[in-house]
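# Commentary on secondary and tertiary structure
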Amino acid sequence: MSDSTFDGPAGVDYDLIEQVNPHYDKLRSASVALLQCELQPLIDPKIQGILDLNHKCHAIDVLEPGCGTGLTTKKLLDLDHRIRLHAIDHSPSMIKKAAEYLNLRPIYDWNGTVDYTDSIVRMFGDFTTSSAALLLNSDIQDELALFGDNYFHAVVSTFMLHDLTERQRNWVIFNLHRVLRPGGIFINADKMAVNDPVLHQQQLESRIQKLDLFERLGKPELKREWLNHYREENQRDTLMTEKAYLGTLERTGFQNIETFYRQDMEAIVIARKGEVR
């Protein structure tokens with residue numbers, strides 16, 4: 001999807017896409033539940049006591065690229081008060097919605113104003129006891145370039161990678177692997193085309209038919225925008241198939257790669273960065 005799409009009607013009424021794809025929230029919840037299982041040794045005091053009485057985890061650094069309106073962000077923050085979440089989205093309107101949803105204060109410009117429309121990175125929240133999230137209005141490629149190696153315990157992404165071109169996606173996956181700590185986990189719930197092109201086309205046509213909901217709601221402009229989006233993400237240089245995605249993860253160096261769940265055009269894939277030998 002182009003950079004400006006979510007700053008138009010699709011962004012204003014973004015929540016309506018949940019009516020077209022009601023299983024999206026199930027994918028978000030499942031992704032966070034997977035992370036909870038992964039982090040259990042870090043967040044459970046009893047397990048901490050058994051493993052190492054003298055080494056407590058005081059902060060759990062998590063990256064969420066493509067945070068959108070903050071629906072997954074909220075679920076992640078509810079996991080544990082020690083989670084420090086870096087949530088990034090390139091759309092100013094999406095970041096503004098997420099900040100309002102999470103009740104995070106803006107980090108103001110030098111002149112004390114916030115302009116959501118210009119190109120300057122916008123930030124909300126902090127890492128104090130009252131807030132464990134930092135929302136960044138920026139391009140994920142720009143931000144990843146700033147993080148050092150082996151920084152995050154986990155990366156959780158929902159419905160972001162499929163919007164990138166294959167070249168952009170490969171670069172992002174390489175750098176997600178780089179910024180993960182050894183043993184860190186990457187959980188991605190995303191639109192991921194099945195490997196059978198005939199079945200994928202059938203699923204796509206079924207999804208397009210569901211966009212008729214917007215016309216019934218008196219919002220034909222939303223149908224046009226999402227239809228254009230579906231066309232964009234199915235271009236040859238953008239379409240993300242499950243086979244291609246898993247192959248990229250493996251070539252990048254991820255291990256224990258598993259398609260954990262699939263429903264229609266979407267799937268959850270988990271992968272881990274190898275431990276240092």
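Let me begin by describing the structure that accompanies this report. If you're wondering where the values come from, they're calculated on a predicted model, not measured in any experiment.

### Focus on the packing of aromatic side chains
- Using the criterion set out here, one finds seven aromatic pairs in the structure.
- Ring centres 5.7 Å apart and planes at 35 degrees place the aromatic pair Phe147 and Tyr151 in the tilted group.
- Relative to Tyr230, the ring of Trp226 lies with its centre 6.4 Å away and its plane at 55 degrees, an arrangement referred to as tilted. Here Tyr230 and Trp226 lie together in helix H11 (residues 220–233), a separation of four residues that amounts to about one turn. Considered together, Trp226 and Tyr230 belong to a single accessibility category, that of buried residues.

### Some remarks on the nonpolar core
- Within the largest apolar cluster, 29 residues are counted, with the highest numbers of intra-cluster contacts made by Leu35, Val62, Leu135 and Ile187.
- Ranked by residue count, the leading element in this core is helix H3 (residues 24–43), at six residues.
- Ignoring anything within four residues of it in the chain, the contact list for Val62 reads Ile83, Arg84, Leu85, His86, Phe152, Ala154 and Val156.
- Grouped together as the second largest cluster of nonpolar side chains are 26 residues, Leu136, Met160, Ile173 and Leu180 included.

### Examining the pattern of salt bridges
- Tallied over the full model, the rule gives 14 salt bridges.
- Lys74 serves as the salt-bridge partner of Asp78, at 2.8 Å between the closest nitrogen and oxygen.
- For the salt bridge of Arg82 with Asp80, the shortest nitrogen-to-oxygen distance reads 2.9 Å. For the pair formed by Arg82 and Asp80, the shared burial category is buried.

### Observations regarding unusual backbone geometry
- Although it is not a glycine, Phe159 sits at a positive phi angle of roughly 60 degrees.
- Residue class for Phe159 comes out buried when judged on its relative accessible area of 12%.
- One non-glycine residue with positive phi stands out, namely Asp264, at about 60 degrees.
- Relative to the helices and strands, Asp264 is located in the loop between strand E8 (254–263) and strand E9 (266–273).
- Look at Asp264 and you get partly exposed, because its relative accessible area is 37%.

### Quick look at the environment of Val179
- On the secondary structure map, Val179 appears in helix H8 (residues 166–179).
- Expressed as a C-alpha distance, the spacing of Val179 and Asp149, which sit 30 residues apart in the sequence, is 4.5 Å.
- Once residues within four sequence positions are removed from consideration, Val179 is found in contact with Leu144, Phe147, Gly148, Asp149, Asn150, Tyr151 and Phe152.

### Considering empty space enclosed by the protein
- Applying the stated rule across the entire model yields one cavity of 30 Å³ or more.
- Taken as a whole, the largest cavity spans an internal volume of roughly 70 Å³.
- Considering the residues around the largest cavity, the lining is formed by His162, Lys191, Met192, Ala193, His200, Glu233, Asn234, Leu239, Met240 and Met265.
- Here the lining of the largest cavity is built from residues that sort into five nonpolar, three polar and two charged.

### A few points about the packing of H8 against helix H12 (residues 242–252)
- Remark: H8 packs on H12, axes separated minimally by 10 Å, with the N-to-C direction vectors making an angle of 45 degrees. With respect to each other, H8 and H12 are oriented oblique. In the packing of H8 onto H12, the handedness of the crossing is right-handed. Here Asn170, Ile173, Phe174 and His177 of H8 come into contact with H12, specifically with Tyr245, Thr248, Leu249 and Thr252.

### With respect to the pairing of strand E2 (residues 83–89)
- When you tally the buried positions in E2, you get six out of seven residues, the bulk of the element.
- Considered for its hand, the β-α-β crossover made up of strand E1 (residues 60–65), helix H5 (residues 71–77) and E2 is right-handed.
- The sheet contact formed by E2 and strand E5 (residues 133–137) spans five bridges and is parallel. Within E5, the position partnered with His86 by the bridge is Leu134.

### Digging into H12
- All of the buried residues along H12 are Glu242, Tyr245, Gly247, Thr248, Leu249 and Thr252.
- Following H12 by one or two positions, Gly253 adopts a phi angle in the positive range, close to 115 degrees.

So, how was this worked out
- Residues numbered from 1 in each chain as written.
- Predicted model: local features only at pLDDT ≥ 70, side-chain atom pairs only at ≥ 80, totals over all residues.
- Heavy atoms only, no water.
- Phe/Tyr/Trp six-rings, centres within 6.5 Å; stacked < 30°, edge-to-face > 60°.
- Helix = DSSP H or I, 4+ residues; strand = E, 2+ residues; numbered from the N terminus.
- Buried < 20%, exposed > 50% of the residue type's maximum accessible area, 1.4 Å probe, protein only.
- Core = buried A, V, L, I, M, F, W, Y, C linked by side-chain atoms within 4.5 Å.
- Contact = heavy atoms within 4.5 Å.
- Salt bridge = Lys/Arg side-chain N within 4 Å of Asp/Glu carboxyl O.
- 1 Å grid on protein atoms, 1.4 Å probe; cavity = no way out; pocket = protein on both sides within 12 Å on 5 of 7 lines; lining within 4 Å.
- Points joined across faces, edges and corners; volume = space filled by probe spheres on them.
- Nonpolar A, V, L, I, M, F, W, Y, C, P; charged D, E, K, R; others polar.
- Axes fitted to C-alpha atoms, helices over the stretch in contact; angles between N-to-C directions.
- Parallel < 35°, antiparallel > 145°, perpendicular 65-115°, else oblique.
- Left-handed = near helix turned anticlockwise from the far one by under 90°.
- Right-handed = clockwise from strand over helix to strand, strands pointing away.
- Pairing = 2+ DSSP bridges.

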